[in-house]
Amino acid sequence: MILVGSGALFWRAAAHAASAGKTLDAVIHPEGEVVPAWARDLECVATTDVNELADGIDEVTSDQLVCSVGNPFIFRRPILELDLTIVNIHGGPLPQYRGLPIAAAVFAIMQSEKEFGVTLHRVDAGIDTGAIIDRRMFPISDSVTLETLSLQVTEACHEMFTDNLDTLDREPRSTGALETGSSGEYFGMKKLRTIGDHRDHPNFDRATDLGVLAEFYPSYRELFDAARR
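Here the residue numbers are simple positions, counted from 1 along each chain's written sequence. The predicted origin of the model limits local features to residues at a pLDDT of at least 70 and limits the giving and counting of side-chain atom pairs to 80 or more, whereas totals for whole chains, interfaces and linings rest on all residues. The basis for every side-chain value is the complete set of non-hydrogen atoms in the structure, without hydrogens or water.

### Looking at the packing of helix α4 (residues 101-110) against helix α5 (residues 146-164)
Next up, step 1: With their axes 10 Å apart at the nearest point, α4 and α5 run at an angle of 125° to one another. The pairing of α4 with α5 is recorded here as oblique in orientation. The element α4 and its partner α5 pack so that their crossing is right-handed. On α5, the residues that touch I102, A105, V106 and I109 of α4 are L146, L149 and S150.
Next up, step 2: Side-chain classes follow a simple rule in which Ala, Val, Leu, Ile, Met, Phe, Trp, Tyr, Cys and Pro form the nonpolar group, Asp, Glu, Lys and Arg form the charged group, and the remainder, Gly included, forms the polar group. Looking at the contact of α4 with α5 residue by residue, the class counts come to 6 nonpolar, 1 polar and no charged. Whenever a helix is involved, its axis is fitted only over the stretch in contact; in every case the axis is a line through C-alpha atoms, and angles between N-to-C directions fall within 0 to 180 degrees. Per the convention used, a helix needs a DSSP run of H or I reaching at least four residues, while a strand needs a run of E reaching at least two, with both numbered from the N terminus. Here the angle decides the label: under 35 degrees means roughly parallel, over 145 means roughly antiparallel, 65 to 115 means roughly perpendicular, and every other value means oblique. Each helix crossing is assigned a hand: it is left-handed if the near helix lies turned anticlockwise from the far helix by less than a right angle, otherwise right-handed if that turn is clockwise. Between two residues, a contact is recorded if the distance between any of their heavy atoms is within 4.5 Å.

Laid out in structure tokens, this is it:
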């Protein structure tokens, strides 16, 4: 298996896979990312664009499986055309909440959702539109903050990875959003930058409260601070 991604959740997934005896053919992450000391025995590959590594991925994969966790890259044609099974763990319930997990969580709170979730899905040519393999929902309270929901999502994503580790490449349980015509809504930076338009909304403070996570997401903190003004 090849792992592609970034951040604490990604390295946590790599550590679990390694400790479980899973063969990690390569661990691909963005250039400049600090590789944990324990991971330096793995085949770690830094890149600015995972698609430029298509030929190498095709050569080194032992099981034709690529798993994306906390992945900042978008898979494009060079990789999608290979004979690979590519799966992604998405921090939101699909197809309703596609896009950036933080943006999805912000608007889930703004929309007074009673539950949220995470999804394991196949990767196709769209963004978060591939066929669903597994989806886990959990309740959220009326007082949930962005900090709390983000931490819940992180834990749920890790559980999704560990619970499915041995069967990540199994057949999906549903067709993809592009085939069904139910693509949900895309929550990206463009959508997130409109949050200041809703500063009078009763859920605004909770939806932009990063709490202790503000230190780890300075760009989001700055965006929310500007929205409050």
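### A word on the nonpolar core
Next up, step 1: One finds M1, V106 and F161 to be the most contacted residues of the largest nonpolar core, which totals 55 residues.
Next up, step 2: If we skip the residues at most four places from it in the chain, F161 touches M1, L3, A13, H16, A17, C67, V69, I89 and L168.
Next up, step 3: In this structure, I2, I57, V66 and L84 belong to the second largest nonpolar core, which totals 14 residues. In this text, buried Ala, Val, Leu, Ile, Met, Phe, Trp, Tyr and Cys residues form a nonpolar core when linked through side-chain atoms within 4.5 Å. The rule is simple: take the accessible area with a 1.4 Å probe, protein chains only, and divide by the maximum for that residue type; under 20% is buried, over 50% is exposed, in between is partly exposed.

### What about the environment of L165?
Next up, step 1: Its location among the elements puts L165 in the loop between α5 and α6 (177-180).
Next up, step 2: When the C-alpha positions of L165 and C67 are compared, they lie 9.7 Å apart, and in sequence the two are 98 residues distant.
Next up, step 3: Setting aside its immediate chain neighbours within four residues, L165 contacts M1, H16, A17, A20 and K22.

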